[in-house]
Structures are given as C-alpha cells and as structure tokens.
Amino acid sequence: SITEGDVFVMKAGADDWIEGAVEMSLEAGDALKTGDDSGAEITFFDGSTMELEAGTQIQITSLDISADTGVTTITLMQTIGTTISRVTKLLDPASRYEVETPTGVVAVRGSGVEIHVAEDGTAWGCNLEGEIWAAAEGVELQIPEGRCCIIRPGSPPELAWRLDSSSTTGGDVVTPGEGAFVYEEGEVVDLVADPDEGHHFVKWSGDADTIAGVNAASTSITMNDNYSISADFEEGPVPYYTLTISIPGRGGSTEPAT
C-alpha cells in the first residue's frame, strides 16, 4: 500500500523505475523506493509487514515457503533510508526474516524492528519488541528489547542508545537534526537549536536530565539511556533584564563592576 507521495518499483531484470500502484504484487528480485515526503507498506505472504519511510530503497532478495516443512524465508536488502518491520512469530527455528544492509544483517523473529541506513552505509537497528539479532564482521549481537545497535563499515555491531529530537513552532534543531539518531553509551552529543526570525529559543524539554545547559541554544547531551527531547521556542525577541550591583560599605569588587 502507498501511504503518501511517490513510490517506484523496478521489476526483477529491468533497468527502469516504474510508478508503484496499490496492491501491486512484488516478487524476489524486485526493488522499491520512496520519494521525498512519501511512504509505503509491503505485506508479505505470512502476514509480516515492512513500512518504508521517505527516501528509502529496498530490494526483495528472497521469498520462499517450503510446501513440505512450512519453513519460510524472507530476505531483503536495504540500501538507504528507514524501515519498520513487524514480523509474524516464526515458530520453526529454520524460518527467517532478515534485512541486509551494506554493513551487516539484522535478523527478526516475531518482533518489531526499526532499521536506518545512512549514505555512508552505517546502519542502526532498534528493537521495538521481541527477539532481534545483528551480525557483521563475524560477530552476532542480540539486541535487548528497547535497545538499539549501530553497525559501522568494517566494524562489528555495538549496542547503542536512541535520541529522538524535535522542536516546537518557531525554530529547528540543526545539530544533530530532527528525527531519530543512535549513539554509543556515554557519548557526548552536540545540540544546537536555531530560532526562526521573530522567535527566540527558550529551553530544552523532555528527557533533559543529562543536557549540559537546558537554557542554552548550543549545548550537549550525554547518552546514558534512550532520550526524547524538544527545543522550545517562543514568538518575539529575546527578553532582556537589568542587573544592578552594589557594595555596602567599603572594600571589595565585583565582576561585572558595580
């Protein structure tokens, strides 16, 4: 199904993208991509689904079910973008649902997983529920429920925490940007909020306990858990206040001066 915008399909063996259509059948070897501000959902023969967010491209590598054993195999290659897979519980241990990325593989069993692939091939996956594994460079890592992992080019998977950033009307989070990001345990992440013309930054809200300065537009956050934060803006200029300093009696000095 097409949730919004432009969705394109390249059939197996073809060289050109064609416009996707609701209820179009897909087969092994077919590729699918979503445009800007676009989205789609694939439903597989076993009831599992994959949601594709804007700017995502995947290819269906294999689709198979054994008539003798009932073993199911669904394998996809995700080259860029963000997907959310919700997989029907796989009762047979030989069955598998796997999403390959340029740097590793994420395997799912009766679970929900969000996978993002960046332009440099770096991939991260977050366990929304159930049993998830990541594998790369000969290392397999189980991802606990609620945790994420990151797979960098040439490196094994590592557990990570997720940062979701957003903003109120009147400005944007320009560093690291708005959306979902993952970082290693204890990593210090720069935060920069930029107000629109006619607005000013007020504070960071949400899970702000490890933000160095909640009232500073340029600050940092230390990643020790999953966090969701917002940059809050208000209309109007930055307010200014008067500070008056005096020294009763003689002696002493202040900075700024009296």
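Owing to the predicted nature of the structure, the values given are computational and were not obtained by experimental measurement.

**Focus on the overall build of the protein**
Reasoning step 1: If you tally the helices and strands in the protein, you get 0 helices and 20 strands.
Reasoning step 2: By the compact-globule yardstick of 18 Å for 258 residues, the protein is too spread out, its C-alpha radius of gyration being 24 Å.
Reasoning step 3: Projected onto the principal axes, the alpha-carbon positions of the protein cover approximately 95 × 40 × 30 Å.
Reasoning step 4: Here the protein holds 258 residues, and the buried ones make up 38% of them.
Reasoning step 5: Approximately 13,600 Å² of the protein is accessible, and the part contributed by carbon and sulfur atoms is 48%.
Reasoning step 6: A gap of 6 Å separates the mean positions of the 11 positive and 45 negative side-chain charges of the protein.

**Quick word on the packing of aromatic side chains**
Reasoning step 1: The full count for this structure, using the stated rule, is 3 aromatic pairs.
Reasoning step 2: Measuring from ring centre to ring centre gives 5.9 Å for Phe44 and Tyr97, while their planes differ by 85°; the resulting arrangement is edge-to-face. Taken together, the residues span a long stretch of sequence, with Phe44 in the loop between β5 (39–43) and β6 (49–52) and Tyr97 in strand β9 (residues 96–100) at a distance of 53 residues. An identical accessibility class is assigned to Phe44 and Tyr97; each is buried.
Reasoning step 3: Centroid distance Phe201 to Trp204: 5.6 Å. Interplanar angle 55°. Geometry classified as tilted. Each member of the pair Phe201 and Trp204 is classed as buried.
Reasoning step 4: Every member of this aromatic cluster is reached through a ring pair, and the members are Phe201, Trp204 and Phe233.
Reasoning step 5: A cation over a ring is seen here: Arg147 above Trp161, with NZ or CZ 3.7 Å from the ring centre.

**Some words on the nonpolar core**
Reasoning step 1: Judged by nonpolar contacts, the single largest core of 28 residues is most densely connected at Leu32, Phe44, Met50, Ile58, Leu76, Tyr97 and Val108.
Reasoning step 2: Ranked by residue count, the leading element in this core is strand β10 (residues 105–117), at 5 residues.
Reasoning step 3: Excluding residues that lie within four positions of it along the chain, Ile58 makes contacts with Asp30, Ala31, Leu32, Ile42, Met50, Leu52, Leu76, Met77, Gln78 and Thr83.
Reasoning step 4: With 17 residues, the next largest nonpolar core counts Val189, Phe201, Ile211 and Phe233 among its residues.

**Some remarks on the side chain of Asp30**
Reasoning step 1: Along the chain, Asp30 turns up in the loop between β3 (18–19) and β4 (31–34).
Reasoning step 2: A relative accessible area of 2% places Asp30 in the buried class.
Reasoning step 3: A polar contact of 2.7 Å, which involves the side chain of Asp30, links it to the side chain of Lys11.
Reasoning step 4: A distance of 2.8 Å separates the side chain of Asp30 from the backbone nitrogen of Ala12, its partner in a polar contact.
Reasoning step 5: Aside from chain neighbours lying at most four places away, what touches Asp30 is Met10, Lys11, Ala12, Ser25, Ile58, Gln59 and Ile60.

**A look at the layout of surface pockets**
Reasoning step 1: Here the largest pocket is characterised by a volume of approximately 300 Å³.
Reasoning step 2: Ser1, Met24, Leu26, Glu41 and Ile42 are, among the 19 residues lining the largest pocket, the residues nearest its centre.
Reasoning step 3: Listing elements by their share of the lining of the largest pocket, those giving two or more residues are β2 (7–10), β5 and β7 (57–65).
Reasoning step 4: Tallying contributions element by element places β5 first for the lining of the largest pocket, with 4 residues.
Reasoning step 5: Taken together, His116, Ala118, Thr122, Trp124, Ile150, Arg152, Pro176, Phe181, Val182, Tyr183 and Glu187 make up the full set of residues lining the second largest pocket.

**Details of the state of the cysteines**
A covalent bond between the sulfur atoms of two cysteines is referred to as a disulfide.
Reasoning step 1: If you walk through the whole model with that rule in mind, you get 1 disulfide.
Reasoning step 2: For Cys149, which is in no disulfide, the shortest distance to another cysteine sulfur is to Cys148 and amounts to 7.9 Å.

**Here we look at a negative patch on the surface**
Reasoning step 1: A cluster of like negative charges, contributed by Glu4, Asp6, Glu19, Asp36 and Asp37, occupies part of the molecular surface.
Reasoning step 2: With respect to the helices and strands, Asp36 occurs in the loop between β4 and β5.

What counts and how
- Residues numbered from 1 in each chain as written.
- Predicted model: local features only at pLDDT ≥ 70, side-chain atom pairs only at ≥ 80, totals over all residues.
- Heavy atoms only, no water.
- Helix = DSSP H or I, 4+ residues; strand = E, 2+ residues; numbered from the N terminus.
- Rg over C-alpha atoms; globule rule 2.2 N^0.38 Å.
- Buried < 20%, exposed > 50% of the residue type's maximum accessible area, 1.4 Å probe, protein only.
- Areas by Shrake-Rupley, 256 points an atom, 1.4 Å probe, with all protein chains shown as cover.
- Lys, Arg positive; Asp, Glu negative; His and termini not counted.
- Charge placed at Lys NZ, Arg CZ, Asp CG, Glu CD.
- Phe/Tyr/Trp six-rings, centres within 6.5 Å; stacked < 30°, edge-to-face > 60°.
- Lys NZ or Arg CZ within 6 Å of the ring centre and 35° of its normal.
- Core = buried A, V, L, I, M, F, W, Y, C linked by side-chain atoms within 4.5 Å.
- Contact = heavy atoms within 4.5 Å.
- Polar contact = N/O pair within 3.5 Å; in protein donor to acceptor, adjacent residues only side chain to side chain.
- 1 Å grid on protein atoms, 1.4 Å probe; cavity = no way out; pocket = protein on both sides within 12 Å on 5 of 7 lines; lining within 4 Å.
- Points joined across faces, edges and corners; volume = space filled by probe spheres on them.
- Disulfide = S-S within 2.5 Å.
- Patch = residues over 30% accessible without salt bridge, like charges linked within 9 Å, V, L, I, M, F, W, Y side chains within 5 Å.
- Salt bridge = Lys/Arg side-chain N within 4 Å of Asp/Glu carboxyl O.

In short, the description is geometric, and any link to function would need to be established separately.
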